[in-house]
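# Coordinate inspection notes
What follows is each chain in one-letter form.
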Amino acid sequence: MPEKETFSVRLTQDMSDAIEQYADENGVSQAEALRRAVRDQYLQPPTDGGEVIDRVDELDTAVDERVARLEQQQARQNRGDTLQNGVNLVGIAYIVAYFTGGIGGPLALLAAVVIILAEVAVLAYNYGVFTDE
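Nothing here was measured: the structure is a model prediction, and the numbers come from that model. In this numbering scheme, every chain counts its residues from 1 along its sequence in written order. Only residues with pLDDT of at least 70 are given local features in this predicted model, and only at 80 or more are side-chain atom pairs given and counted; all residues enter the totals for whole chains, interfaces and linings. Each side-chain value is worked out from all heavy atoms of the structure, with water and hydrogens disregarded.

Turning next to the side chain of Gln84. Examined against the element boundaries, Gln84 turns out to sit in helix H3 (residues 48-99). When accessible area is computed with a 1.4 Å probe and restricted to protein chains, residues below 20% of their type maximum are described as buried, those above 50% as exposed, and intermediate ones as partly exposed. By relative accessible area, which is 15% here, Gln84 ends up buried. A polar atom in the side chain of Gln84 sits 2.8 Å from the side chain of Glu119. What makes two residues a contact is simply this: any of their non-hydrogen atoms within 4.5 Å. Apart from residues no more than four positions distant in its own chain, Gln84 is found in contact with Glu119, Val122, Leu123 and Asn126. By the criteria applied, helices consist of DSSP H or I runs no shorter than four residues and strands consist of E runs no shorter than two, each listed in order from the N terminus. Nitrogen and oxygen atoms within 3.5 Å of one another constitute a polar contact, given that in protein one can donate a hydrogen and the other can accept it, and given that sequence-neighbouring residues count only through two side-chain atoms.

Turning next to the environment of Ile92. Structurally, Ile92 can be placed in helix H3. Take Ile92: its relative accessible area is 52%, and that puts it in the exposed class. A C-alpha to C-alpha distance of 10.0 Å links Ile92 and Ile115, two positions 23 residues apart in sequence.

Shown next as structure tokens:
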């Protein structure tokens, strides 16, 4: 049996009543009730550690979700930039061909309309009018 040391303490009436009530309800002496109170208060691991870990896990999950959304937005922006560059290149080729006399008449008008519609579509994609999900 472990060696025991004696302590003398003064308790408020409320604390004394609580120890006495615990002893009566659990069929133990007041000394044992007081020992259990001290053990439970000072010798048990803190209970808030799990709450902190749970909160850190929640924050970790939230950060991961935010990073995934940002990566999706960046990928969408990259696709939009690629589309925009392609349409711009076709537009420049059209302008060069038009002014150097390579195309004209109804074909030139049709090409201009197609390029303008492509520009509008790319702008709409870039501003989120169309989604790729």
